[in-house]
Amino acid sequence: MSKIKPWEELTLSDNFIFQKVMLNKELCKKVLSEILGVEVVEIKYPENEKNISIRRDSKGIRLDVYVRDMENTVYNIEMQQSSEKDLPKRTRYYQGMIDMDLLEKGAFYDELNRSFVIFICDFDYYGLGQYKYTFSNKCEEIEGLELGDETTKIFLNSKGTKGVVSEDLKIFLQCINGEYNSSEFSGKIKEEVYKVKRSEKWRTEYMIQYLHEQELEREAKKEGMRKGIEEGRKEGRKEGMREGMREGRKEGFHLSVEIIKAYKSGMSVEEISKELNASIEDVEFIVQQLG
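Quick summary incoming for the structure in this document. (Residues numbered from 1 in each chain as written. Predicted model: local features only at pLDDT ≥ 70, side-chain atom pairs only at ≥ 80, totals over all residues. Heavy atoms only, no water.)

## Digging into the overall build of the protein
Along its length, the protein carries eight helices and eight strands. Looking at the 291 residues of the protein, the share that counts as buried comes to 35%. Within the protein, counting contacts between residues at least 6 apart in sequence, those at least 24 apart form 61% of the total. When the accessible area of the protein is evaluated, it comes to approximately 18300 Å², of which 52% is carbon and sulfur surface. (Helix = DSSP H or I, 4+ residues; strand = E, 2+ residues; numbered from the N terminus. Buried < 20%, exposed > 50% of the residue type's maximum accessible area, 1.4 Å probe, protein only. Contact = heavy atoms within 4.5 Å. Areas by Shrake-Rupley, 256 points an atom, 1.4 Å probe, with all protein chains shown as cover.)

As structure tokens, this is what we get:
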């Protein structure tokens, strides 16, 4: 069972705190503007901590920060503390789920929103020292030719030292590392983190969310055990059937031999059936095979 991180130890790099800080619309707009390098004038929150699950049997996702601007560009911002090897493919899955969610709501392909999936990492996933790694789909043969699917994936590296980014983006990344300075922007972020940490409402929500996730984890383990037991039973039944078929083939072979011997000795079908406790149909079938 995963262990809960004490509320007192949570920082901006923990997705629960980050999510609540980004509910401050002005800060969220500022962070997005610094990441994109263009001013984001206005945003709206369609859903807080949006959950997407297209089918009951599909792997759902819970998005940390999901917002739109006034041009309906979708921004999904995720805090990442674990340098897992599947992060790039996770952005692909998130992108696909976001698109499917939009299509489920009646959009046509050409109406799919422009979208950004942004991972804020407290580690350097690519190990090249850049503050920011931006990926979009481009033609390999013709320089400057874009695919035109209007999707972008961005990895931010709070440990970065290279690349041309704004001073405020550097400050934001330092805040992710828990390093605040005397600048106005750093002060606003720090104050918002403290505001979240002082909230008994969100402290309680954190505990409830944790207990809910613990319950889901327990249920998943129970379900896994149940399925394991059921699979074991099925395998046992299969093995029993296989064993039965093997034994049946053996018994069938011996019975056929006895029927042939009895028939060749001059016994009638009815006599053989009664003597060997075999059905008339089985005896007739074997006898017919003898020509």
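## Here we look at the pattern of salt bridges
A complete count under the given rule lists eleven salt bridges for this structure. Across the salt bridge formed by K25 and E42, the nearest N and O atoms sit 3.5 Å from each other. Taken together, the residues K25 in helix α2 (residues 25–36) and E42 in the loop between α2 and β1 (43–44) connect sequence positions 17 residues apart. Since its relative accessible area comes to 27%, E42 is described here as partly exposed. Of the charged contacts in the structure, one is a salt bridge between E34 and K30, with a shortest N-O distance of 2.8 Å. Taken as a pair, E34 and K30 lie in helix α2 at a separation of four residues, close to a single helical turn. The network of salt bridges with common partners includes K30, E34 and D168. (Salt bridge = Lys/Arg side-chain N within 4 Å of Asp/Glu carboxyl O.)

## Structural notes on the packing of aromatic side chains
Summed over the entire model, instances satisfying the criterion amount to twelve aromatic pairs. For the ring pair Y125 and F155, a centre distance of 5.8 Å and an interplane angle of 20 degrees mean the geometry is stacked. Of this pair, Y125 sits in the loop between β6 (115–121) and β7 (132–136) while F155 is found in strand β8 (residues 151–157), placing the two residues 30 residues apart along the sequence. Directly above the ring of F185 sits K30, whose terminal nitrogen or CZ lies 5.2 Å from the centroid. (Phe/Tyr/Trp six-rings, centres within 6.5 Å; stacked < 30°, edge-to-face > 60°. Lys NZ or Arg CZ within 6 Å of the ring centre and 35° of its normal.)

## Topic: the sheet that holds strand β5 (residues 74–80)
Each strand in a sheet pairs with its neighbour through backbone hydrogen bonds, running either in the same direction (parallel) or in the opposite one (antiparallel). A sheet is described by the order of its strands in space; here six strands give the open sequence β1-β4-β5-β6-β8-β7, paired in mixed fashion. The open sheet has two edge strands, β1 and β7, and neither has a second partner. Note that strand β4 (residues 65–69) and β5 share four bridges and pair antiparallel. What sits directly across from Y66, in β5, is N76. Relative to the sheet, helix α4 (residues 167–176) contacts β5, β6 and β8, its axis offset from that of β8 by approximately 60 degrees. (Pairing = 2+ DSSP bridges. Axes fitted to C-alpha atoms, helices over the stretch in contact; angles between N-to-C directions.)

It is worth stressing that arrangement in space is one thing and function is another; only the former is reported here.
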